[in-house]
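Next come the chains, spelled out residue by residue.
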Amino acid sequence: MKSALALAALTFLTTLPAHAASCSWSAKMEEDEGGSVMTASVCGGPKGDAHLMLACFGKPVLSYDLGDAGGQLEPGISGSFTFKAGDKSLTKKLELEAMYNYFTAELSGPTDPLLALLRGKGDLTVSADKYGEASFPLKGSGAAIGKVLAACGKGSGGEAD
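Nothing here was measured: the structure is a model prediction, and the numbers come from that model.

Cut-offs used in this document
- Residues numbered from 1 in each chain as written.
- Predicted model: local features only at pLDDT ≥ 70, side-chain atom pairs only at ≥ 80, totals over all residues.
- Heavy atoms only, no water.
- Salt bridge = Lys/Arg side-chain N within 4 Å of Asp/Glu carboxyl O.
- Buried < 20%, exposed > 50% of the residue type's maximum accessible area, 1.4 Å probe, protein only.
- Helix = DSSP H or I, 4+ residues; strand = E, 2+ residues; numbered from the N terminus.
- Pairing = 2+ DSSP bridges.
- Axes fitted to C-alpha atoms, helices over the stretch in contact; angles between N-to-C directions.
- Contact = heavy atoms within 4.5 Å.
- Phe/Tyr/Trp six-rings, centres within 6.5 Å; stacked < 30°, edge-to-face > 60°.
- pLDDT = per-residue confidence, 0-100.

With that settled, the discussion passes to the pattern of salt bridges. Within this structure, the stated rule accounts for three salt bridges. Where Glu30 meets Lys28, a salt bridge forms, and the shortest distance between an N and an O atom there is 3.9 Å. Judged by relative accessible area, which is 4%, Glu30 ranks as buried. Among the ionic pairs, Lys93 bridges to Glu95, the shortest N-O distance being 3.8 Å.

If you want it as structure tokens, here you go:
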């Protein structure tokens, strides 16, 4: 599963423009070693080079690429990241996918509290003491996440943002 997720995210990341003019949520099929995978994604951070990605490999999996702020991270590490939108926040432990230098976490399913936060309004801030913080817009997130969950056969899709 980790290699499938890593390949899907790498495929996605290598198709991004160097400097995205506008960061907004999208959902599209990405090629993976096991076939096509519906992936929702958004860019953010001060330079627009940080990315959040959501794909489904049995359960929803969130990937967080720190962008240039991450530098080269040590294999085998994990970090506690706080996700905050509006007056709600939660902290989740993410494991480093060392081959591609980004953090991942398997979510419990369509009703995971982090998915609820990602479907909110305004902006999402992701922060960790060691890695700083990045902000991501949430506009369009509900529809993009709904497409991923519908492709997994676990959600209804089309949720409003």
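There's plenty left to go through after this.
Looking at the element boundaries, Phe57 is found in strand β3 (residues 50–57). Under the relative-accessibility criterion, Phe57 is labelled buried at 17%. Measuring from C-alpha to C-alpha, the distance between Phe57 and Cys152 comes to 8.0 Å, with 95 residues separating the pair along the chain.

Here we take up the sheet that holds strand β1 (residues 26–32). With antiparallel pairing, nine strands are arranged side by side in an open sheet as β1-β2-β3-β4-β7-β6-β5-β8-β9. Edge positions in the sheet fall to β1 and β9 (132–137), since each has one partner strand and no second. Pairs of neighbouring strands in the sheet enclose a mean axial angle of 30°, with direction left out of account. Of the pairings in the sheet, the one linking strand β5 (residues 78–85) to strand β6 (residues 88–97) comprises eight bridges and is antiparallel in character. Bridge pairing in β6 links Thr82 to Thr91. Along the sheet, helix α3 (residues 141–152) contacts β1, β2 (35–44), β3 and β4 (59–65); its crossing angle with β2, the most-contacted strand, is approximately 160°.

The final tally for this structure, using the stated rule, is five aromatic pairs. Consider the rings of Tyr64 and Phe136, whose centres lie 6.0 Å apart with planes at 80°: the pair is edge-to-face. Taken together, the positions of Tyr64 in strand β4 and Phe136 in strand β9 put the pair 72 residues apart, joining distant regions of the chain. Residues Tyr64 and Phe136 agree in their burial class; the two are buried. Clustering of aromatic rings is evident, with ring pairs tying together Tyr64, Phe81, Phe103, Tyr131 and Phe136.

Looking now at the confidence of the model for the protein. On average, residues of the protein score 83 in pLDDT, and 81% of them reach the 70 mark or higher. Here residues 2–21 is a poorly scored stretch, pLDDT under 50, and it has 39 contacts once near neighbours within four places are set aside; other chains count. Here residues 154–161 scores under 50 on pLDDT; set against residues more than four positions off or in separate chains, the count is 23 contacts.

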